[in-house]
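Working through the structure, step by step
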Amino acid sequence: MDGLLSSSESILGFLAIRQREPHGFFGGYLLVNERGRPVEFHCSLPVQPTRAQQILYGATLTEYGCGELIARTLLGKGTAKPSLVLTDCPAALAARHWTDQPLLQVASERLCAKDELEGFSIPGMTMPDSRYASRQRQGIMFSCIATYTKDLDRWDCLEAFDCSLDLLEPF
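It is worth spelling out the sheet that holds strand S5 (residues 103-107) at this point. Read from one edge to the other, the open sheet built from seven strands follows the order S3-S2-S1-S4-S5-S7-S6, with strand pairing classed as mixed. Each of the sheet's edge strands pairs with one partner strand only, and the pair in question is strand S3 (38-43) and strand S6 (132-137). Taken pair by pair, the neighbouring strands of this sheet meet at an average axis angle of 25°, ignoring direction. Relative to strand S2 (residues 24-32), strand S1 (residues 12-20) runs antiparallel, the two being bridged by nine bridges. Each residue of the ladder has a partner; that of Leu15, found in S2, is Tyr29.

Right, here's the structure in full:
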């Protein structure tokens, strides 16, 4: 019965994208219920930008690869509709332009240090301040594309989830 969803149950999404040379970008999308139990999981095959894409997209290549190709595709694969999707990849926020699902980036010092040690890098770790809006809550920085600032108001849906759920743990 754990895998079944009731129609009133809240769902939370976790979207992670990593880059590891020489393979390229990988993505994973985990959906959990209010008790933090997995409901769905989707992952991408490695995406390696071609030389032509590197030239054409230039400085926006990471946003294109992570946001448009990987994040957008993974968000479209989910059958359960989450109340909120959290990501640790700023470049993945670009997917928000193609979905109606609120999408927030979460960050902490612990998260950044962990991934550097594992040999993976989180694409787009530096974010230009003027394009993003941020708020801090309980030691976690939540950020979104400034156009979608209302997404920051959606963290109230987190109240429905088990208070022991670590919002950074899936990353």
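Our next topic: the nonpolar core. A general feature of soluble globular proteins is that nonpolar side chains tend to end up buried together. Counting residues in each nonpolar core, the largest one holds 22 residues, and the members touching the most others are Leu15, Ile17 and Tyr29. Elements represented by at least two residues in this core include exactly S1, S2 and helix H2 (61-77). Sorting elements by how many residues they give to this core places H2 first, with five residues. The next biggest cluster of nonpolar side chains, apart from the first, holds 18 residues, and it includes Ala133, Cys144, Cys157 and Leu168.

With 17 residues, H2 extends 23 Å between its outermost C-alpha atoms, agreeing within 8% with the 24 Å of an ideal straight helix rising 1.5 Å per residue. Its axis deflected by about 35° at Ala71, H2 carries its strongest bend there. Among the residues of H2, Leu61, Tyr64, Gly65, Cys66, Gly67, Ile70, Ala71, Leu74 and Leu75 are the ones counted as buried.

Inspection of every chain in the model, using the stated rule, returns five salt bridges. We note a salt bridge from Asp100 to Lys81, for which the minimum N-O separation is 3.0 Å. With Asp100 in the loop between strand S4 (84-87) and S5 and Lys81 in the loop between H2 and S4, this pair connects stretches of sequence that are 19 residues apart. Neither Asp100 nor Lys81 differs from the other in exposure class; each is exposed.

On to the pairing of S4. Of the two faces of S4, the one holding Leu84 and Leu86 and the one holding Val85 and Thr87 are both buried throughout. Judged from the four bridges that link them, S1 and S4 form a sheet pairing that is parallel. Counterpart to Leu15 in the pairing with S4 is Thr87.

About the criteria used
- Residues numbered from 1 in each chain as written.
- Predicted model: local features only at pLDDT ≥ 70, side-chain atom pairs only at ≥ 80, totals over all residues.
- Heavy atoms only, no water.
- Pairing = 2+ DSSP bridges.
- Helix = DSSP H or I, 4+ residues; strand = E, 2+ residues; numbered from the N terminus.
- Axes fitted to C-alpha atoms, helices over the stretch in contact; angles between N-to-C directions.
- Core = buried A, V, L, I, M, F, W, Y, C linked by side-chain atoms within 4.5 Å.
- Buried < 20%, exposed > 50% of the residue type's maximum accessible area, 1.4 Å probe, protein only.
- Expected span 1.5 Å × (residues − 1).
- Bend = angle between axes of the 7 residues up to and from the residue.
- Salt bridge = Lys/Arg side-chain N within 4 Å of Asp/Glu carboxyl O.

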